[in-house]
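# Observations on chain architecture
Here's the letter readout for the chains.
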Protein chains: 2
Amino acid sequence: MKKDELTLVKEIRDRFSLPEDIGIGIGDDAAVLNLKSSAILTTDLMIEDVHFELSYTSFYHLGFKIVSVNVSDIYAMGGDFKGFLFSAGVPETVSDQDFKELFDGIEDALKHYGGFLIGGDLSRSKNIVLSGFAVGEAEKPILRKGAQAGDLIFITSYLGLSSAGLNLLNNLSDDEKRFIKSIRNFKNCKEYPDRLLKFKGINEILERHLMPIARKPDKFKHIAKAMMDISDGLLIDLHRLCEENKVGAEIYLDQLPIHPAITKIADYLNIEPMNPILSGGEDYELLVISDRQDAKEFGLIPVGRIVEEKGIYLIDPQRGKIPTKPEGWQHFQ
Amino acid sequence: MKKDELTLVKEIRDRFSLPEDIGIGIGDDAAVLNLKSSAILTTDLMIEDVHFELSYTSFYHLGFKIVSVNVSDIYAMGGDFKGFLFSAGVPETVSDQDFKELFDGIEDALKHYGGFLIGGDLSRSKNIVLSGFAVGEAEKPILRKGAQAGDLIFITSYLGLSSAGLNLLNNLSDDEKRFIKSIRNFKNCKEYPDRLLKFKGINEILERHLMPIARKPDKFKHIAKAMMDISDGLLIDLHRLCEENKVGAEIYLDQLPIHPAITKIADYLNIEPMNPILSGGEDYELLVISDRQDAKEFGLIPVGRIVEEKGIYLIDPQRGKIPTKPEGWQHFQ
């Protein structure tokens, strides 16, 4: 990077302003947010070679994703997203253009979610470190606690896409990785290399891994008794929710929706398709517990129920009831 | 580190609990804080070999300091500190004991300031990266904006201690560095190596650099028109405050208090003592602007006044009015 910290901070400050009635943004010792109810606060790190790899991830994707993973936690509490603070440690190899694209991604994500950048910190570092901090508010936060035996378990969309995307990305050629890295809008991209075109739905798979969209719970949060986001995988996250409530859960394997591209990618990579669906992380869909039989009408997909007996069990129409370990599907097979 | 992330998170969660009336702490997707007024939010990074060096800095110091530097920003807004979120990226070389000491430092700092750890994230990283987020609240935040020509400029204590401490630390032998690293309580330590004993006040100097205490403005914030913390040095921070208010400032050199150890260390290291005082960073004292002539009675030290003419000027009883550059004293000499 050629620009110094003061120049960068000035550029960022000019680019991200905050309406006066909402508070005071970048430029003072700290930001001020005028909230109407309880503050909801969360933070998530993304570190190079741990959470992402630059061979196929663009700085734009990184900027978008660091917002999404944090907003997902706010949404998982039933909160409204308001403000975002962003700190970055970057090595000298990161160019001014990379830096601009990082903030393009942050800006587009913030526009999507309707929140504002209100602070942050910048520093040199050996590897790229991104630290996001999201602030929201909620009249009545929805916790992981609140589930009882008899309640139904819902998810908000297909699972396993991010994990399948990651698996596929790691198996691409350097040229294919560079191409993926250049995509800003996966929805509109029609020019995939021939080999990738056979994976119908490839755009959804790649987008879910590289720039996931947090799931807003507005349509169903009023019927949720407990909620969390699925960031580490359905089995482990459901296990955490059940631990919190001292209950167990049954998942009906035949009710789990399977994205068409997952089957193809699993076949291509020679993996079990249920593996990413049950244990793949980073989908940022929501896990919703409700006692409402009509929850489908609010866009929720029923996949199981809460039971008294502790443990997570898969119910397979052929094989019956199968116990799992919280670590995931791979330990159960 | 031998412990896995889940074990560490569980230990941290057991150690740091949050009273129910304040909100919901570690363990859900996000934390909840019940605030009575506007939320004050800030974040600061500390990165190995950029912000600190492990040869003389203990993990305990790091834990304490990452809280202090963030709380300082909350105090600089006239806010009450409430909650802290802490993320760390650590290499495998960091031991379970190092990690425990890091959280000892965080715990002691939080006890000192009366705030709670309410969230965070942990990850592997090539170098140590600490990211803190402090949350506070204020009925009426005190901004950098608010100063007018004629107002008086105050500081809250000696300046330059942290910078002199850093200079001294970099000139110590390996044995001396190891000794310094082992100190938890600088106030009570009486066993400094002989060479260091000649610097009367050495404990204050080292403490200010390694585990600074943020300055609480409760006694004087009602008379402050504008305020900020001095994190990068008096000249540059005063320059920032003046820019925000489209004014200038005069600093009376003969009014700046000089800590006795600064003179000795400056002599020993062959540097100009005014250098750390005017341009040394990381003291985390407050810069307070007030029009109250009786501000001394609230513990404030007058050092200058706001003027219409832009620029920062030093007033020397011998040499008269000397213009400075915002970059600091070294550019002015």
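Residues numbered from 1 in each chain as written. Chains lettered and ligands numbered in written order. Predicted model: local features only at pLDDT ≥ 70, side-chain atom pairs only at ≥ 80, totals over all residues. Heavy atoms only, no water.

### Section: the UniProt feature "binding site: Mg(2+) 4" (unreviewed entry) in chain A
Here is the rule we go by: UniProt positions are given in the numbering used here, feature names are shortened, and annotations may be inferred rather than shown by experiment. Helix numbering and strand numbering both begin at the N terminus, where a helix is a DSSP run of H or I of at least 4 residues and a strand a DSSP run of E of at least 2. Residues count as neighbours in contact if any of their non-hydrogen atoms are within 4.5 Å of one another. Pairs of N or O atoms within 3.5 Å make up the polar contacts considered here, provided that, within protein, one atom can donate a hydrogen while the other can accept it, and that residues adjacent in sequence are counted only when both atoms are side-chain atoms.
Cross-referencing UniProt, the feature "binding site: Mg(2+) 4" (unreviewed entry) maps to Asp29(A), Thr42(A) and Asp73(A) in the present numbering. Spanning 45 residues, the named residues do not form one spatial group; their C-alpha atoms are separated by as much as 25.8 Å. Structurally, Asp29(A) is set in the loop between strand E1 (23–24) and strand E2 (31–33). Dropping the residues within four chain positions of it, Asp29(A) is found in contact with Thr42(B), Asp73(B), Ala76(B), Met77(B), Arg144(B), Met227(B), Met228(B) and Asp229(B). Within the fold, Thr42(A) resides in strand E3 (residues 38–47). Those residues in contact with Thr42(A), other than ones at most four positions away along the chain, are Asn70(A), Asp73(A), Ile74(A), Gly132(A), Phe133(A), Ala134(A), Asp29(B), Ala30(B) and Leu85(B). At 3.1 Å, the side chain of Thr42(A) and the side chain of Asp73(A) are in polar contact.

### As for the interface of chain B and chain A
Note the threshold: Buried area, as used here, totals the accessible surface that two parts lose on assembly, with accessibility defined by a 1.4 Å probe and the loss added over both. A carboxyl oxygen of Asp or Glu within 4 Å of a side-chain nitrogen of Lys or Arg is what we treat as a salt bridge. Note on residue classes: Ala, Val, Leu, Ile, Met, Phe, Trp, Tyr, Cys and Pro are nonpolar, Asp, Glu, Lys and Arg are charged, and everything else, Gly too, is polar. In short, DSSP must find at least two bridges between two strands for them to pair.
Counting from both sides, the interface comprises 51 residues of chain B and, opposite them, 52 residues of chain A. Between chain B and chain A, roughly 4,000 Å² of surface is buried when both sides are summed, and carbon and sulfur atoms account for 57% of that area. Taken together, the connections running from chain B to chain A amount to six salt bridges. Note that Arg13(B) is salt-bridged to Glu244(A), the shortest N-O span being 3.2 Å. Linking chain B to chain A there are 22 residue pairs in polar contact (both at pLDDT 80 or more). Its residues assigned to classes, the side of chain B that touches chain A shows 25 nonpolar, 13 polar and 13 charged. With three bridges connecting them, E2(A) and strand E3 (residues 38–47) of chain B associate as antiparallel partners. Its bridge partner being in E3(B), Leu33(A) is matched across the sheet by Ala39(B).

### Regarding the pairing of strand E6 (residues 129–138) of chain B
Residue and element names in this part refer to chain B. Threshold: Relative accessibility under 20% of the residue-type maximum defines a buried residue, over 50% an exposed one, and the middle range a partly exposed one, all with a 1.4 Å probe and only protein chains included.
Extensive coverage of E6 is indicated by the burial of ten of its ten residues. Here E6 shows a buried face lined by Val129, Ser131, Phe133, Val135 and Glu137 and a second buried face lined by Leu130, Gly132, Ala134, Gly136 and Ala138. As paired elements, E3 and E6 share ten bridges and run antiparallel to each other. Along E6, the bridge assignment pairs Met46 with Leu130. Summarising the sheet, strand E4 (residues 80–90) and E6 pair through nine bridges and their orientation is antiparallel. Following the sheet pairing, Gly89 is matched in E6 by Val129.

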